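Residues per chain, in single letters:
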Amino acid sequence: MKNTVSTFRAQKGLDKLTMVTAYDAMTARYVDECGIHAILVGDSLGMVVLGLDDTLSVTLDDMIHHCKAVARGTRNALLVCDMPFMTYHVNTDETVRNAGRLIQEARAHAVKLEGGVDFAGEVRALTRASIPVMGHIGLTPQSVLSFGGFKVQGKSIAAAQKIVDDARAIQDAGAFSIVLEGIPARLGGWITKNLEIPTIGIGAGPDCDGQVLVVQDLLGITERSPKFVKRYGDVGSAMKQAFCAYKEDVQAGQFPDASYSYNVEAEEEIIAHLK
Ligand code: KIV
């Protein structure tokens, strides 16, 4: 089934929604073939692909480059692309123009941006331009400097109320869904029950309408993962094992043998004529 923002939204209260990040075409194809509802080209790209310490240096061109690749591997999943830091913070004209590039050039079906009440105007402007928006509140990684680190949010009454107000503001501005990241599980459940749009949790407990994980965390490719990550594979170890076995084979003269080589019938004669 083809997933759209309408089918995604209509799932609220029915089946749990699933979303996984991807940054290349092959990974997107595997994710898509499992029937995962949405693929997110996250700006986590900076940390899990580009080797950066945070997401702050990821550019719009980086996102376009990777989202184009992911679009080529995506058939049925809803393709959501992150707006990176400083691409929706200056003014709404710039926000709409930048989001427009993710739709027109990168072939995303929707954009995601971080922030609550303060960014409701941007969400409204994008919605008016027919660009579907997924919100993202709670532990928003682009605010790592003002948070003073990657810390769980919403741990006091005032902090929890701020997150609730953010969720309502983004919903009222027209977002079709919202990511809740790094908040207490019961707060995630409360927001989910009190919103009309689906919530997608990452470190926000089991009661969200759906879940998202970063693909490297899910596969076990990252060195360390946060508490909320369940590893569904040990692909990092499998990769390392394969690379070491290849090196040993080549150095032992065991690869490539005849079965991995091209053999032409008249080869001896050809070789004999070489000067
Ligand atoms: O960039 C990203 O991968 C994200 C997810 C963690 C939701 O925003």
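Refer to the structure presented above.
Okay, so let's go over this structure.

What follows deals with the overall build of the protein chain. A count of helical and extended segments in the protein chain gives 12 helices and eight strands. When the 275 residues of the protein chain are sorted by exposure, 46% land in the buried category. Considering only residue pairs separated by 6 or more positions, the protein chain has 56% of its internal contacts joining residues 24 or more positions apart. Averaging the positions of the 27 positive and the 33 negative side-chain charges in the protein chain gives two centres separated by 8 Å.

This part is about the environment of Ala167. Tracing the backbone shows Ala167 in helix 8 (residues 157-172). Exposure remark for Ala167: the relative accessible area of 1% places this residue in the buried category.

Next up on the list: the site of the ligand. Residues in close proximity to the ligand include Thr21, Leu40, Gly42, Asp43, Ser44, Asp82, Lys112, His136, Glu181, Ile202 and Val214, which together make up its full environment. A distance of 3.1 Å is found between an oxygen atom of the ligand and a side-chain nitrogen or oxygen belonging to Asp82. Between the ligand and Lys112 there is a distance of 2.8 Å, counted from an oxygen atom to a side-chain nitrogen or oxygen. The fraction of the free accessible surface of the ligand (260 Å²) that becomes covered by protein chains is 95%. When its residues are assigned to classes, the shell around the ligand shows three nonpolar, four polar and four charged.

In this fold, His66 is placed in helix 4 (residues 60-73). Here His66 falls in the buried class, since its relative accessible area comes to 16%. One polar contact links the side chain of His66 to the main-chain carbonyl oxygen of Tyr23, over a distance of 2.9 Å. In this structure His66 touches Tyr23, Val41, Leu45 and Val49, once residues within four positions along its chain are discounted.

Ordered in space as 1-2-3-4-5-6-7-8, the eight strands form a closed barrel in which the pairing is parallel. Geometrically, the sheet is characterised by an average inter-axis angle of 25° between neighbouring strands, direction not taken into account. Lying over the sheet, helix 5 (residues 92-104) contacts strand 3 (78-82) and strand 4 (110-112), oriented at roughly 130° with respect to strand 4. The strands touched by helix 8 are strand 5 (133-138) and strand 6 (177-181); relative to strand 5, the strand with the most contacts, the crossing angle is about 175°.

This brings us to the packing of aromatic side chains. Taken as a whole and assessed by the stated rule, the structure comprises four aromatic pairs. With 5.9 Å between their ring centres and 75° between their planes, Phe8 and Phe176 make a pair best called edge-to-face. Of the two residues, Phe8 sits in helix 1 (residues 5-10) while Phe176 sits in the loop between helix 8 and strand 6, which places them 168 residues apart along the sequence. Seen in terms of ring centroids, Tyr246 and Phe255 are 6.2 Å apart; in terms of plane orientation they differ by 65°. Their pairing is edge-to-face. Through pairs of rings, three or more aromatic residues link up here, namely Tyr246, Phe255 and Tyr260.

Within the structure shown, the criterion is met by five salt bridges. Taking the shortest distance from any N to any O, the salt bridge between Lys12 and Asp209 comes out at 2.7 Å. Of this pair, Lys12 sits in the loop between helix 1 and strand 1 (17-21) while Asp209 sits in the loop between strand 7 (199-202) and strand 8 (210-213), placing them 197 residues apart in sequence. For Asp166, the salt bridge goes to Lys162, with nearest N and O atoms at 2.8 Å. Here Asp166 pairs with Lys162, and both are found in helix 8, just four residues apart, close to one helical turn. By relative accessible area, which is 8% here, Asp166 ends up buried. For Lys162, a relative accessible area of 48% translates into the label partly exposed.

Inspection of the secondary structure puts Ile221 in the loop between helix 10 (215-219) and helix 11 (235-251). Apart from the residues within four sequence positions on either side, Ile221 is in contact with Gln216, Arg231, Val235, Gly236 and Met239.

What counts and what doesn't
- Residues numbered from 1 in each chain as written.
- Predicted model: local features only at pLDDT ≥ 70, side-chain atom pairs only at ≥ 80, totals over all residues.
- Heavy atoms only, no water.
- Helix = DSSP H or I, 4+ residues; strand = E, 2+ residues; numbered from the N terminus.
- Buried < 20%, exposed > 50% of the residue type's maximum accessible area, 1.4 Å probe, protein only.
- Contact = heavy atoms within 4.5 Å.
- Lys, Arg positive; Asp, Glu negative; His and termini not counted.
- Charge placed at Lys NZ, Arg CZ, Asp CG, Glu CD.
- Near = heavy atom within 4 Å.
- Polar contact = N/O pair within 3.5 Å; in protein donor to acceptor, adjacent residues only side chain to side chain.
- Areas by Shrake-Rupley, 256 points an atom, 1.4 Å probe, with all protein chains shown as cover.
- Nonpolar A, V, L, I, M, F, W, Y, C, P; charged D, E, K, R; others polar.
- Pairing = 2+ DSSP bridges.
- Axes fitted to C-alpha atoms, helices over the stretch in contact; angles between N-to-C directions.
- Phe/Tyr/Trp six-rings, centres within 6.5 Å; stacked < 30°, edge-to-face > 60°.
- Salt bridge = Lys/Arg side-chain N within 4 Å of Asp/Glu carboxyl O.

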